[in-house]
Amino acid sequence: MSRSRSRTSHVIVGAATALAVLTACGGSGDDSAAPGSDGKPVSVTFWGWTKGSKEVVDAFNASHKNIKVVYEEIPSGNAGGYAKISNAVKAGNAPDLVSIEYPQLPEFVSQGALQDISSYVTDDVKKKLLPQAVELTTLGGKNWAVPFDASPQAFYYRQDLFKKYGVEVPTTWDDFRKAAEKVKQADKKARIGTFFPDDPTTFQAMAWQAGAQWYKAEGDTWGVSTKDAATTKVADYWQGLLDDDLIRANASFSPEWTNSLKNGGTIGYLGAAWGAGVLKGTLPEQSGKWAVAPMPSWDGKPASGMLGGSTFAVSKNSKKAKAAVEFATWMSTTEDGIKARIESGTSSAFPAAAELRPVAKKSFDASFYGGTDIYQVFEGAATSIGQNWAWGPTTGTSNTVIKDQFGKVASGGSTIAEAVQAGHDATVAELKKRGLKVEDAG
């Protein structure tokens, strides 16, 4: 991703400036219970949902005597995890460490829910990590989380059924539509992929890939723009696929989606690097039938957005920040931490620590994908991630509204463009409500 460093840095620096006024409310924990300070292990509580987390905690506890991690699996962020974390912070009983994806981090910071962990995220740690990941977790000049993975996009497909139906793997979005038509023609019950009405982040990743820039921070002003040519093109494209019944509309990872994959009703999945582990864990009986390809793009050249991606942040309630960050750093930047997660068989995480990607590749059993070098696909996608995207401090508000409207799109009661506009309007209103300057670019 080195090609985009300078421009990405510029975007994030602007975002940091606009957030600086808000980050003052986030404190730094007392941390009097430093690891081993009283001769006993420090107990650190950790909430998360990413695949392989339990195995990582078990490996850490087995190899560390000064810290004991108590893990609780919670629903994924958009499925209730973020609400659970927010409520716990408000009630004063949040865990020490929480999983937060890059898009939601600015909002949690702006709400004062997290601690500044700059004193624990040293230069030695930062230099191991993808610069963009560090930048996305640095707001107002302070470090708010330990980056774990990057999440470039990828296209997963049933290579056996593509061959059976005579469908070529699409390299452009025009090709994707033609492939979708061919799949439906070959089998009236089959579709090439799915529109997820419950997951705005997938649509946002598509807009990112196309070159959109919804948030732009300049000085202390947030620019908001969702009527740009890139977003409009993506919205119209997916609306067309839905209108012509060329894709499904199922909630992400729902029983309906899973069953459709199991019975061959859906033969493709537009996801992220971490999706490889999800499919493998969900469809073990289909081992060897799937393959991974780069995302289709508008001009056939490599291009990707980021879909999710996880960080580990310390809640403002914690008094054990040092121990929590030590554990988070071990998960993200050590060979043992990456191996424990990937060897669980459920995770295909693409580490933010570049030097550990060969470890992840070696640890992931790629037989499910016919031995395809999936990490080579991810690496190529990572180098093509769009340069201008930045996340703002009201992602939760934006996505809640878009998700509600997407539900209506699936039933024909609204359109994707209308849903995005509703999210735009809610975003502008929320930013103003918080006392921030806004430039509404429509």
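Residues numbered from 1 in each chain as written. Predicted model: local features only at pLDDT ≥ 70, side-chain atom pairs only at ≥ 80, totals over all residues. Heavy atoms only, no water.

### Quick look at the pattern of salt bridges
Next up, step 1: All told, the structure shown has 15 salt bridges when counted by the stated rule.
Next up, step 2: Across the salt bridge formed by D58 and K54, the nearest N and O atoms sit 3.0 Å from each other. Placement of both D58 and K54 in helix α2 (residues 53-63) is noted, with a separation of four residues, approximately one turn of the helix.
Next up, step 3: Look at D58 and you get partly exposed, because its relative accessible area is 40%.
Next up, step 4: Put simply, R177 and E181 hold a salt bridge, and the shortest N to O gap is 3.4 Å. Of the two residues, R177 and E181 both sit in helix α8 (residues 173-186), four residues apart, roughly one turn of that helix.
Next up, step 5: Relative accessible area serves as the criterion here: at 24%, R177 is assigned to the partly exposed category.
Next up, step 6: Judged by its relative accessible area of 36%, E181 falls in the partly exposed class.
Next up, step 7: Taken together, the salt bridges that share partners define one network made up of E107, E430 and R434. (Salt bridge = Lys/Arg side-chain N within 4 Å of Asp/Glu carboxyl O. Helix = DSSP H or I, 4+ residues; strand = E, 2+ residues; numbered from the N terminus. Buried < 20%, exposed > 50% of the residue type's maximum accessible area, 1.4 Å probe, protein only.)

### Remarks on the layout of surface pockets
Next up, step 1: Roughly 870 Å³ of volume is contained in the largest pocket.
Next up, step 2: Around the largest pocket, the lining is made up of 36 residues, and of these W49, S76, F253, W274 and V278 lie nearest the centre.
Next up, step 3: Mapped by element, the contributors of at least two residues to the lining of the largest pocket are α2, β2 (67-73) and α12 (275-282).
Next up, step 4: Top element by residues in the lining of the largest pocket is α12. It accounts for four residues.
Next up, step 5: Looking at the lining of the largest pocket, its residues break down into nine nonpolar, 17 polar and ten charged.
Next up, step 6: When its volume is computed, the second largest pocket comes out at roughly 410 Å³.
Next up, step 7: Elements represented by at least two residues in the lining of the second largest pocket include exactly α3 (81-91), α4 (105-110) and α17 (395-410).
Next up, step 8: Of the residues forming the lining of the second largest pocket, the biggest block, seven residues, is contributed by α17. (1 Å grid on protein atoms, 1.4 Å probe; cavity = no way out; pocket = protein on both sides within 12 Å on 5 of 7 lines; lining within 4 Å. Points joined across faces, edges and corners; volume = space filled by probe spheres on them. Nonpolar A, V, L, I, M, F, W, Y, C, P; charged D, E, K, R; others polar.)

### Focus: the nonpolar core
Next up, step 1: Counting 113 residues, the largest nonpolar core has Y156, W238, L279, Y369, F378 and I416 as its most contacted members.
Next up, step 2: In terms of residue count, the dominant contributor to this core is helix α13 (residues 321-333) (eight residues).
Next up, step 3: Excluding residues that lie within four positions of it along the chain, Y369 makes contacts with Y156, G275, A276, L279, K280, W290, A291, V292, F364 and I374.
Next up, step 4: Counting 19 residues, the second-largest nonpolar core is a separate cluster that includes I74, A94, V98 and I100. (Core = buried A, V, L, I, M, F, W, Y, C linked by side-chain atoms within 4.5 Å. Contact = heavy atoms within 4.5 Å.)

### Here we look at the packing of aromatic side chains
Next up, step 1: Inspection of the entire model under this criterion finds 41 aromatic pairs.
Next up, step 2: Ring geometry for Y82 versus F108: centroids 5.6 Å apart, planes at 55°, classification tilted. One end of the pair, Y82, is in helix α3; the other, F108, is in helix α4, with 26 residues separating them in the sequence. The two residues Y82 and F108 agree in class, both being buried. (Phe/Tyr/Trp six-rings, centres within 6.5 Å; stacked < 30°, edge-to-face > 60°.)

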